[in-house]
Amino acid sequence: TTASVPSPGTIEVVWCALDGSGGAERVVFTMEAPEDWIDQVYGERALYLRPSGGGAIVFDAEAGQSPEEWLAEVNGRPEYVVEDLPSITIAGATATVFDVILAPGVSSGDAPPLIDDANPPWNVSASSPSRVWVVDRAGEALVIVTGENLAEALGEALQTLEWGS
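Residues numbered from 1 in each chain as written. Predicted model: local features only at pLDDT ≥ 70, side-chain atom pairs only at ≥ 80, totals over all residues. Heavy atoms only, no water.

Chemist: Explain the overall build of the protein to me, please; I cannot follow it from the model alone.
Modeler: Assigned secondary structure in the protein consists of 2 helices and 11 strands. Secondary structure elements of the protein occur, N-terminal to C-terminal, as β-β-β-β-β-β-α-β-β-β-β-α-β. Expected size for 165 residues packed as a compact globule is a radius of gyration near 15 Å; at 15 Å, the protein falls within 12% of this value. The C-alpha extent of the protein, read off along each of the three principal axes, is 45 × 35 × 30 Å. Expressed as a percentage of contacts within the protein between residues at least 6 apart in sequence, the contacts between residues at least 24 apart total 55%. Counting only carbon and sulfur atoms, one obtains 47% of the accessible surface of the protein, whose full area is about 7,700 Å². Taken as two groups, the 6 positive and 26 negative side-chain charges of the protein have centres that lie 4 Å from each other. (Helix = DSSP H or I, 4+ residues; strand = E, 2+ residues; numbered from the N terminus. Rg over C-alpha atoms; globule rule 2.2 N^0.38 Å. Contact = heavy atoms within 4.5 Å. Areas by Shrake-Rupley, 256 points an atom, 1.4 Å probe, with all protein chains shown as cover. Lys, Arg positive; Asp, Glu negative; His and termini not counted. Charge placed at Lys NZ, Arg CZ, Asp CG, Glu CD.)

Here's what the structure looks like:
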């Protein structure tokens, strides 16, 4: 997995996304975003972008799961409270957008991670919502998550995302 700045204000990511069965898919994308968003880039199944100013952005390719299946699973978790937001377009496809927090009385240790990756998992908080975008990419869910501090900027950047080859 690599990330670069092909031109000022644009980042390019080449991600080797592991699919859970030992296979891998090469995912390439560019988007208009601050260069510091790729200060640290890592991950195996999920891709983590760690801006130098703090926070994280996670891309997770849910191999074998459609966006509808992934959304039904998340909406069915009693540990979560989901607030639907207006959809946006990402690379020509409609993305479902929502904020998620823990339900009252639930601690993060009692809830399953939203992104279950060992490097590390993305856990939902009771006090600060996670913003989530779910888009269909070749019939499978691509899930993008960030915290409250990067949510608005990432939402704008995602609308400039283009898939590469």
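After presenting the structure, the write-up continues.
Chemist: Whenever I open this one, the nonpolar core confuses me. Can you help?
Modeler: Among soluble globular proteins, nonpolar side chains are generally buried collectively. The biggest cluster of nonpolar side chains holds 28 residues, and the ones touching the most others in it are W15, M31, F59, I90, I144 and L158. If we ignore the near neighbours within four places in the chain, the residues touching W15 are T1, E25, R26, V27, E44, R45, A46, L47, F59, D60, A61 and L142. A46, W70, F98 and V145 belong to the second-largest nonpolar core, a separate cluster that totals 21 residues. (Core = buried A, V, L, I, M, F, W, Y, C linked by side-chain atoms within 4.5 Å. Buried < 20%, exposed > 50% of the residue type's maximum accessible area, 1.4 Å probe, protein only.)

Chemist: Please explain the environment of R26 as it appears in this structure.
Modeler: Structurally, R26 can be placed in strand β3 (residues 24–32). Distance in space between the C-alpha atoms of R26 and S108 is 32 Å, their sequence separation being 82 residues. When near neighbours in sequence (up to four residues on either side) are disregarded, R26 contacts V14, W15 and S165. At a separation of 3.0 Å, a polar atom in the side chain of R26 contacts the main-chain carbonyl oxygen of S165. (Polar contact = N/O pair within 3.5 Å; in protein donor to acceptor, adjacent residues only side chain to side chain.)

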